[in-house]
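The lines below spell out each chain.
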Amino acid sequence: MKTILLGLVIAGVATVSLADALAEGKTALEQKKYFEAVDAFSAACENGNGTGCYNLGLMYENAVGVAQNKYKASTLYAQACRAQEPLGCSNMALLYDTP
């Protein structure tokens with residue numbers, strides 16, 4: 001029983017920190033603190049947050065705070081799509097359709 005409760009507490013903390021990373025990334029982006037946004041979205045993405053992957057993909061596609069890298073953007077969009085982020089799926093398709 002203690003193991004289950006500990007697992008639930010850890011899972012709850014992980015969910016909160018993923019939401020925090022995503023919120024931090026959005027705030028940093030609004031404040032034009034691009035390096036902080038990249039760090040926050042990267043952390044969210046690495047932990048399976050599709051929205052974090054999608055936002056990071058947008059930054060790479062549009063060269064916002066990072067060098068433009070459409071290959072990396074498409075990889076991040078695919079990761080977002082696998083994490084059930086529909087905007088990642090659509091942006092990946094649009095990126096492949098663009099010459």
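The structure contained in this document is the topic of the report that follows. (Residues numbered from 1 in each chain as written. Predicted model: local features only at pLDDT ≥ 70, side-chain atom pairs only at ≥ 80, totals over all residues. Heavy atoms only, no water.)

1. Remarks on the state of the cysteines
Applying the stated criterion to the full structure yields 2 disulfides. Between the sulfur atoms of Cys 45 and its disulfide partner Cys 53 the distance amounts to 2.1 Å. Here the S-S torsion is close to 95°, and the disulfide linking Cys 45 with Cys 53 is therefore right-handed. As far as the burial class goes, Cys 45 and Cys 53 line up, both buried. (Disulfide = S-S within 2.5 Å. Buried < 20%, exposed > 50% of the residue type's maximum accessible area, 1.4 Å probe, protein only.)

2. Examining the environment of Met 59
Looking at the element boundaries, Met 59 is found in helix H3 (residues 50-62). Judged by relative accessible area, Met 59 falls into the buried class, the value being 2%. The contacts of Met 59, once residues within four sequence positions are left out, are Leu 29, Tyr 34, Ala 37, Val 38, Phe 41, Val 64 and Val 66. (Helix = DSSP H or I, 4+ residues; strand = E, 2+ residues; numbered from the N terminus. Contact = heavy atoms within 4.5 Å.)

3. Quick word on the packing of aromatic side chains
Ring pairs (aromatic) are described by centroid distance and by the angle formed between their planes. Throughout the structure, instances matching the rule amount to 1 aromatic pair. Pairing Tyr 54 with Tyr 77 gives two aromatic rings, centres 6.0 Å apart and planes at 35°, and the pair type is tilted. Residue Tyr 54 is located in helix H3, and its partner Tyr 77 is located in helix H4 (residues 70-82); the two are separated by 23 residues in the primary sequence. Taken as a pair, Tyr 54 and Tyr 77 share a single burial class, namely buried. (Phe/Tyr/Trp six-rings, centres within 6.5 Å; stacked < 30°, edge-to-face > 60°.)

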